[in-house]
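Tertiary structure, described
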Amino acid sequence: MATHARPASLPSRPPEGRRVPELDPALVGQWQAGGGELIDLFAQARQRLGGVAAFRLGPRPTVLVTDPPAVQHVLALHPDRYVKRSHRARLLIGDGVLAATGEAWQRQRRLLQSQFTGRGMRRYEQRITGAARTAAARWAAYARSGEVLDVGDEMRRFALDTIWRSLTGHPLDPATARELAAVPAVVAALPSLPADGAAARGAVAAELARIDAVASHAVAAARDGRAGPDGPGLLHVLLEAAGTRPEYTDRLIRDELVTLLVAGHETTATTLTWLYLLLDRNPQAREQALAAGAEGSPERRQAVQALVHETLRFYPSAWILPRCAAEDDVLAGYRIEAGTDVLVCPYLTHRDPGLWEDPGRFDPGRFTTPGRRPAHPGSYLPFGIGPRACLGLQFALRESTVLLEHLLPAHTPCFRSTPAKAAYSIIVRPDGPTPATLGG
Ligand code: HEM
């Protein structure tokens with residue numbers, strides 16, 4: 001009997017559209033032989049082929065997306081066609097909201113969303129200020145003693161203290177801080193591109209065990225009802241959810257806690273470290289921010305926040321946002337077949353001279369003067385765009401601005417040495433220590 005239904009086994013019709021231009025394999029070979037950074041390969045693909053370009057590292061092409069409309073298409077307009085697959089940080093964050101997909105992700109995101117916007121955010125004000133004051137007191141002591149500090153370590157300590165207070169209601173204690181010093185080693189071991197993290201797991205098993213021990217200790221303390229001096233934290237919200245929603249198992253609570261802990265401090269700490277390195281080369285930017293208004297004024301706050309935005313333009317810590325095509329599609333006139341790995345690269349979009357005037361210049365004024373930055377939503381995306389955009393955007397901007405309002409007027413780090421280059425792992429970070437003494 002004739003039937004009009006297409007048998008499931010037939011391949012789907014290739015989508016319309018042209019083939020994505022692909023980087024000459026000889027150039028990829030040269031890059032591989034030279035042991036270059038991934039970013040060098042991406043920059044070459046972008047420069048030679050444009051804002052939607054392919055290269056082949058394995059049997060299948062990977063598509064690099066840097067043009068704002070194509071970025072918006074992938075992340076914001078068709079997030080169901082371009083999905084997260086096997087998250088690079090899964091071995092650390094398990095099924096937490098950053099890695100989750102489908103309905104599980106929707107439920108997890110809904111629960112956390114209200115905690116990070118509007119009224120929810122106000123709950124963190126006191127905790128952020130508490131952590132900033134602690135950091136400022138530490139810096140004042142360094143300035144008095146003339147002792148060398150490491151700016152990167154200091155920024156990590158502040159960001160960790162802030163998120164720890166927000167999660168548990170307690171300031172970060174030295175023992176927990178020591179155990180969580182394991183986080184950067186695990187983050188550095190994560191693959192830059194989507195891959196099976198199993199190989200990394202063995203190398204960082206001891207660090208993972210330390211992080212797990214901290215998480216289970218914090219969960220046990222919150223279960224005992226031991227809220228901290230700042231009141232209950234986000235962890236209590238997760239435990240309350242477990243009371244009515246069976247999906248919040250102990251495992252998922254651990255994964256969510258570690259996700260917020262890691263996503264909520266490595267990125268901010270790295271951004272603040274880059275900011276100080278950029279100010280070292282552009283000292284006038286600090287002067288201008290402080291001159292924008294009196295202490296506590298909206299003008300100064302806006303100027304300080306612009307320092308953060310310009311730093312994130314140069315070094316968006318999440319420098320690639322990987323997706324996988326869940327179905328055939330046409331992107332900017334090009335054919336994308338289901339199963340294709342797609343990499344959105346904010347790092348290159350943020351440095352595109354076709355979008356940004358003199359992109360190599362550190363110029364926070366782009367973010368305070370209307371009309372000085374490109375208007376397209378796909379042209380500036382340090383926090384991502386679309387439904388999977390950063391949950392902690394407001395939190396990150398607030399904590400960075402409050403810390404800088406405390407530190408900038410009083411201290412200028414005088415670096416003993418600065419890292420010669422960036423390391424492009426799962427986040428882009430300074431590749432080395434950042435020792436400094438503090439001047440007035
Ligand atoms: C400067 C600091 C930060 C930067 C640059 C940053 C960047 C990002 C980016 C680009 C994404 C989207 C990833 C993608 O689309 O693949 C993301 C997601 C996320 N971020 Fe952030 N982030 C920062 C701080 C924070 C903070 C402070 C928190 C928590 C307090 C946080 C929690 C999250 C979570 C939970 C997600 C996953 C959202 C989802 O998949 O639904 N982030 N972040």
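Computed from a prediction, not measured in an experiment: that's the story for all the values here.

1. Examining the overall build of the chain
Scanning the chain from N- to C-terminus turns up 19 helices and 12 strands. Its C-alpha atoms give the chain a radius of gyration of 23 Å, within 12% of the compact-globule value 22 Å for 440 residues. For the chain, the spread of C-alpha atoms along the principal axes amounts to about 85 × 55 × 40 Å. The buried share among the 440 residues of the chain stands at 53%. On the chain, roughly 19500 Å² of surface is accessible, and the fraction owed to carbon and sulfur atoms is 53%. Both charge centroids of the chain, one from 51 positive and one from 45 negative side chains, sit 2 Å from each other.

2. Here we look at the coordination of the iron atom of the ligand
With respect to protein ligation, the iron atom of the ligand binds only Cys 390 (SG), at 2.3 Å. Note that Cys 390 resides in the loop between helix 18 (346–349) and helix 19 (393–407).

3. Let's talk about the packing of helix 8 (residues 151–168) against helix 14 (residues 250–263)
Close contact between helix 8 and helix 14 brings their axes to 9 Å; oriented N to C, the two are set at 150°. Relative to helix 14, helix 8 is oriented roughly antiparallel. By crossing handedness, the relation of helix 8 to helix 14 is classed as right-handed. In this structure, helix 8 uses Leu 160, Ile 163, Trp 164 and Leu 167 to contact helix 14, whose residues at the interface are Leu 257, Leu 260 and Leu 261.

4. Some points on the sheet that holds strand 5 (residues 321–325)
Read from one edge to the other, the open sheet built from 5 strands follows the order 1-2-8-5-3, with strand pairing classed as mixed. Among the strands making up the open sheet, the edge pair consists of strand 1 (52–56) and strand 3 (82–83). By the bridge criterion, 4 bridges tie strand 2 (residues 61–65) to strand 8 (residues 341–344) in an arrangement that is parallel. From the neighbouring strand, Val 63 faces strand 8, where its bridge partner is Val 342. Most of the contacts of helix 2 (residues 38–49) go to strand 1, to which it runs at about 130°, and overall it touches strand 1, strand 2 and strand 8.

5. Examining the confidence of the model for the chain
Averaged over all residues, the pLDDT of the chain equals 91, while 94% of them reach at least 70. Residue range residues 1–8 is modelled with pLDDT below 50. Its contacts to residues more than four positions away, or to other chains, number 2 contacts.

6. Section: the site of the ligand
Near the ligand, the surroundings consist of 28 residues, among which Trp 105, Arg 109, Arg 323, Arg 388 and Cys 390 are the closest. With respect to the ligand, the backbone of Ala 263 contributes an N or O atom lying 3.5 Å from a nitrogen atom. Elements represented by at least two residues in the shell around the ligand include exactly helix 5 (102–113), helix 15 (266–281), strand 5 and helix 19. Its residues assigned to classes, the shell around the ligand shows 16 nonpolar, 7 polar and 5 charged.

7. Structural notes on helix 15
Here helix 15 contains 16 residues, and its C-alpha end-to-end distance of 23 Å stays within 8% of the 22 Å for a straight helix at 1.5 Å per residue. Within helix 15, 13 of the 16 residues are buried, leaving the element largely enclosed by the surrounding structure.

8. Quick notes on the packing of helix 1 (residues 25–33) against helix 2
At a closest axis distance of 10 Å, the pairing of helix 1 and helix 2 adopts a crossing angle of 155°. Here helix 2 runs roughly antiparallel to helix 1, going by the angle between their axes. Read as a crossing pair, helix 1 and helix 2 show a hand that is right-handed. Mapping the contact onto sequence places Leu 27, Val 28 and Trp 31 in helix 1 and Leu 38, Asp 40, Leu 41, Gln 44 and Arg 48 in helix 2. Tallied by class, the residues present in the contact of helix 1 with helix 2 amount to 5 nonpolar, 1 polar and 2 charged.

9. Some thoughts on the nonpolar core
As a rule of thumb, nonpolar side chains are buried together in soluble globular proteins. If you look at the biggest cluster of nonpolar residues, it comprises 117 residues, and the most contacted ones within it are Phe 42, Leu 92, Met 155, Tyr 276, Trp 319 and Cys 345. Residue contacts for Phe 42: discarding those within four places in its chain leaves Phe 55, Leu 64, Leu 193, Trp 319, Ile 320, Leu 343, Cys 345 and Leu 348. One finds Val 20, Val 52, Val 65 and Val 74 within the second-largest nonpolar core, a separate group that totals 19 residues.

Calculation rules
- Residues numbered from 1 in each chain as written.
- Predicted model: local features only at pLDDT ≥ 70, side-chain atom pairs only at ≥ 80, totals over all residues.
- Heavy atoms only, no water.
- Helix = DSSP H or I, 4+ residues; strand = E, 2+ residues; numbered from the N terminus.
- Rg over C-alpha atoms; globule rule 2.2 N^0.38 Å.
- Buried < 20%, exposed > 50% of the residue type's maximum accessible area, 1.4 Å probe, protein only.
- Areas by Shrake-Rupley, 256 points an atom, 1.4 Å probe, with all protein chains shown as cover.
- Lys, Arg positive; Asp, Glu negative; His and termini not counted.
- Charge placed at Lys NZ, Arg CZ, Asp CG, Glu CD.
- Donors = N, O, S within 2.8 Å, 3.2 Å for Na, K, Ca; no water.
- Axes fitted to C-alpha atoms, helices over the stretch in contact; angles between N-to-C directions.
- Parallel < 35°, antiparallel > 145°, perpendicular 65-115°, else oblique.
- Left-handed = near helix turned anticlockwise from the far one by under 90°.
- Contact = heavy atoms within 4.5 Å.
- Pairing = 2+ DSSP bridges.
- pLDDT = per-residue confidence, 0-100.
- Near = heavy atom within 4 Å.
- Polar contact = N/O pair within 3.5 Å; in protein donor to acceptor, adjacent residues only side chain to side chain.
- Nonpolar A, V, L, I, M, F, W, Y, C, P; charged D, E, K, R; others polar.
- Expected span 1.5 Å × (residues − 1).
- Core = buried A, V, L, I, M, F, W, Y, C linked by side-chain atoms within 4.5 Å.

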